[in-house]
Amino acid sequence: MDITKKSFMDGFSWVTNAIKACLPKAPSFIVVSVLATIVFSILVLLITLVGALFAKIPVIGIIISLAVLLLTAILSLGFYCGYLKAIQTILNDGKVSFGSFFFALKDRQFLIKILPFAIILGLTCALIVGAFGYLSYLAIVSTGSQVLFYICLVVMLVLLVIVMIYGTYSLILFIQRNDHKIMATLKDTANGLLKNITSIIGMYIGLLAISIVTNFIAQALTNLIIGSPNPSIAMAVVVFVVLIIIYCIVGMISVATLCLSAKEIFVENDGQVIQKNSQRL
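Below, the structure is looked at part by part. (Residues numbered from 1 in each chain as written. Predicted model: local features only at pLDDT ≥ 70, side-chain atom pairs only at ≥ 80, totals over all residues. Heavy atoms only, no water.)

## Regarding the overall build of the chain
Heads up, the condition is: Secondary structure elements follow DSSP: runs of H or I of four or more residues count as helices, runs of E of two or more count as strands, with numbering from the N terminus. Contact criterion: two residues are considered in contact whenever any of their non-hydrogen atoms come within 4.5 Å of each other. All accessible areas in this document rest on Shrake-Rupley with a 1.4 Å probe, and a residue is counted as covered only by the protein chains that are shown. By the counting scheme adopted, Arg and Lys are positive, Glu and Asp are negative, and His together with the chain ends is not counted. To locate a charge, take atom NZ for lysine, CZ for arginine, CG for aspartate or CD for glutamate.
In terms of helices and strands, the chain carries 10 helices and two strands. Ordered by position from N to C terminus, the α and β elements of the chain give β-α-α-α-α-α-α-α-α-α-β-α. Its C-alpha atoms give the chain principal-axis dimensions of about 60 × 55 × 45 Å. Pairs at least 24 residues apart make up 76% of the contacts formed inside the chain by residues separated by at least 6 positions. Only carbon and sulfur atoms are counted for the fraction: they give 74% of the accessible area of the chain, which is about 15,600 Å². Of the side chains in the chain, 17 bear a positive and 9 a negative charge, and the two mean positions are spaced by 8 Å.

## Re the nonpolar core
Buried together is how nonpolar side chains tend to be arranged in soluble globular proteins. Note the cut-off: The term nonpolar core refers to a set of buried residues drawn from Ala, Val, Leu, Ile, Met, Phe, Trp, Tyr and Cys, joined through side-chain atoms within 4.5 Å. Categorising residues by exposure relies on relative accessible area from a 1.4 Å probe, with only protein chains included: less than 20% of the type maximum marks a residue as buried, more than 50% marks it as exposed, and the intermediate range marks it as partly exposed.
Among the nonpolar cores identified, the biggest contains 57 residues, and Phe29, Ile87, Phe101 and Ile114 are the most heavily contacted of them. The element that contributes the greatest number of residues to this core is helix α3 (residues 60-91), accounting for 12 residues. Excluding its chain neighbours within four sequence positions, the residues that come into contact with Phe29 are Tyr83, Ala86, Ile87, Ile90, Val96, Phe101 and Met252. Listed in part, the seven residues of the second largest apolar core include Cys125, Phe132, Met156 and Leu160.

## Some remarks on helix α1 (residues 8-22)
Each α-helix winds once per 3.6 residues, and so residues spaced three or four apart point in a common direction. Spelled out, the test is: Expected span of a helix: the number of residues minus one, times 1.5 Å. The arc in question is the one traced by the directions running from the helix axis out to the C-beta atoms.
The end-to-end C-alpha distance of α1, which contains 15 residues, comes to 22 Å, matching closely the 21 Å that a straight helix rising 1.5 Å per residue would cover. By the burial criterion, the buried members of α1 are Gly11, Trp14, Val15, Ala18 and Cys22. Each buried residue of α1 sits inside an arc of 90° when the element is viewed along its axis, so together they form one side. In α1, the exposed residues that point more than 90 degrees away from the buried face are Met9 and Lys20. Against the buried residues of α1 lie α2 (26-54), α8 (197-226) and α9 (233-265).

## Describing the packing of α2 against α3
This is how it is decided: Only the stretch in contact is used when fitting a helix axis, every axis being a line fitted to C-alpha atoms; angles between N-to-C directions are given from 0 to 180 degrees. In these notes the angle categories are as follows: under 35 degrees is roughly parallel, over 145 is roughly antiparallel, 65 to 115 is roughly perpendicular, and the rest is oblique. Gly is put with the polar residues, along with every residue not named as nonpolar or charged; the nonpolar set is Ala, Val, Leu, Ile, Met, Phe, Trp, Tyr, Cys and Pro, and the charged set is Asp, Glu, Lys and Arg.
Running from N to C, α2 and α3 cross one another at 170°; their axes reach a closest spacing of 9 Å. As judged from the angle between their axes, α2 and α3 are roughly antiparallel. Each of Phe29, Ala36, Thr37, Phe40, Val44, Ile47, Thr48, Gly51 and Phe54 in α2 lies in contact with α3, whose residues at this interface are Gly61, Ile64, Val68, Leu71, Thr72, Leu75, Ser76, Phe79, Tyr83, Ala86, Ile87 and Ile90. A class-by-class count of the residues in the contact of α2 with α3 yields 15 nonpolar, six polar and no charged.

## Side note on the side chain of Ser170
Here is the rule we go by: Any N or O atom pair separated by 3.5 Å or less is treated as a polar contact, with the protein-specific requirement of one donor-capable and one acceptor-capable atom, and with residues adjacent in sequence counted only for side-chain atom pairs.
Within the element layout of this structure, Ser170 appears in helix α6 (residues 146-176). A distance of 3.4 Å separates a polar atom in the side chain of Ser170 from a polar atom in the side chain of Thr189.

## What to know about the packing of aromatic side chains
To keep it simple, the criterion reads: Pairing of aromatic side chains requires ring centres within 6.5 Å, counting the rings of Phe and Tyr and the six-membered ring of Trp. Pairs whose planes differ by under 30 degrees are stacked, by over 60 edge-to-face, and all others tilted.
One pass over the structure, following the stated rule, counts nine aromatic pairs. The interplanar angle of 70° and the centroid separation of 5.6 Å between the aromatic rings of Phe29 and Tyr83 together place this pair among those described as edge-to-face. A residue pair is termed long-range when its members are at least 10 positions apart, and Phe29 in helix α2 and Tyr83 in helix α3 qualify at 54 residues. Here Phe29 matches Tyr83 in class, with each residue buried. Taking the centre distance of 6.3 Å and the plane angle of 55° together, the rings of Tyr83 and Phe101 count as tilted. A residue pair is termed long-range when its members are at least 10 positions apart, and Tyr83 in helix α3 and Phe101 in the loop between α3 and α4 (108-113) qualify at 18 residues. Given a relative accessible area of 16%, Tyr83 falls into the buried group. What makes Phe101 buried here is its relative accessible area of 1%. An aromatic cluster of at least three residues, connected via ring pairs, comprises Phe29, Phe40, Phe79, Tyr80, Tyr83, Phe98, Phe101 and Phe102.

## Focus: a nonpolar patch on the surface
What counts, and what does not: Patch definition: residues above 30% relative accessible area lacking any salt bridge, with like charges linked at up to 9 Å and the nonpolar side chains Val, Leu, Ile, Met, Phe, Trp and Tyr linked at up to 5 Å. Take a side-chain nitrogen of Lys or Arg and a carboxyl oxygen of Asp or Glu: if they are within 4 Å of each other, that pair is a salt bridge.
A cluster of nonpolar residues, Val31, Val34, Leu35, Ile38, Val39, Ile42, Leu45, Leu46, Leu49 and Phe98, forms a patch on the protein surface that exposes about 860 Å² of accessible area. In this structure, Val39 sits in helix α2. Classification of Val39 as partly exposed rests on a relative accessible area of 40%.

Right, dumping it as structure tokens:
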């Protein structure tokens, strides 16, 4: 696998290309993705309720609770892989189907393969929260310094964001690449991100600009209701639906940007393997 080095401006091009690819198909994608999310949420809720019932059993209940927690994490990653598949389908000019979001949940072998990702990401986030949570506690109790307290919180949030970015790219690369090796994927992801720090920064600056504009529009729409002398329920519902649509489109563009950047950064066999696997998605 070759890791290409992109420029700062390439980061912006990923954002603009994602917008061009996503906007024409946004309406149908939003409808299907919302329906798929509702179905998946109901599935997770049922699993959680069943797990809660068995969790009351002495001794065994603890094991069942941990098993349900792990199962939920794996299923969530699997559903996210389905979301990635749907985005990849759009980027390859394909038609998104309801089943696209559940391809990983129907593939037992794939779920087993992403099990280490669930464990690694879960443990890493838990360690970061635990360590810096304890440091924040010491900052208040031992020194009484609110400055140290907020510094610890900021560092914790930054590390969590880095882990989530790294985890997302690892998962995208794991799906795309021809050779599904976990350790190789983790290593290549780290090398690719370190080699393309400037382009990644440029990409997130572009996404940040979109986020600022989105929040400005959302605030303006919210003010229509708050500032209206006689706000109606129908008006509130319309604004709420519009906000959901806007944030769905922004989320769609964000993920598409990551997928486009991963496709250009990580190249295997002159791009043929990744292109082939992306089309399968």
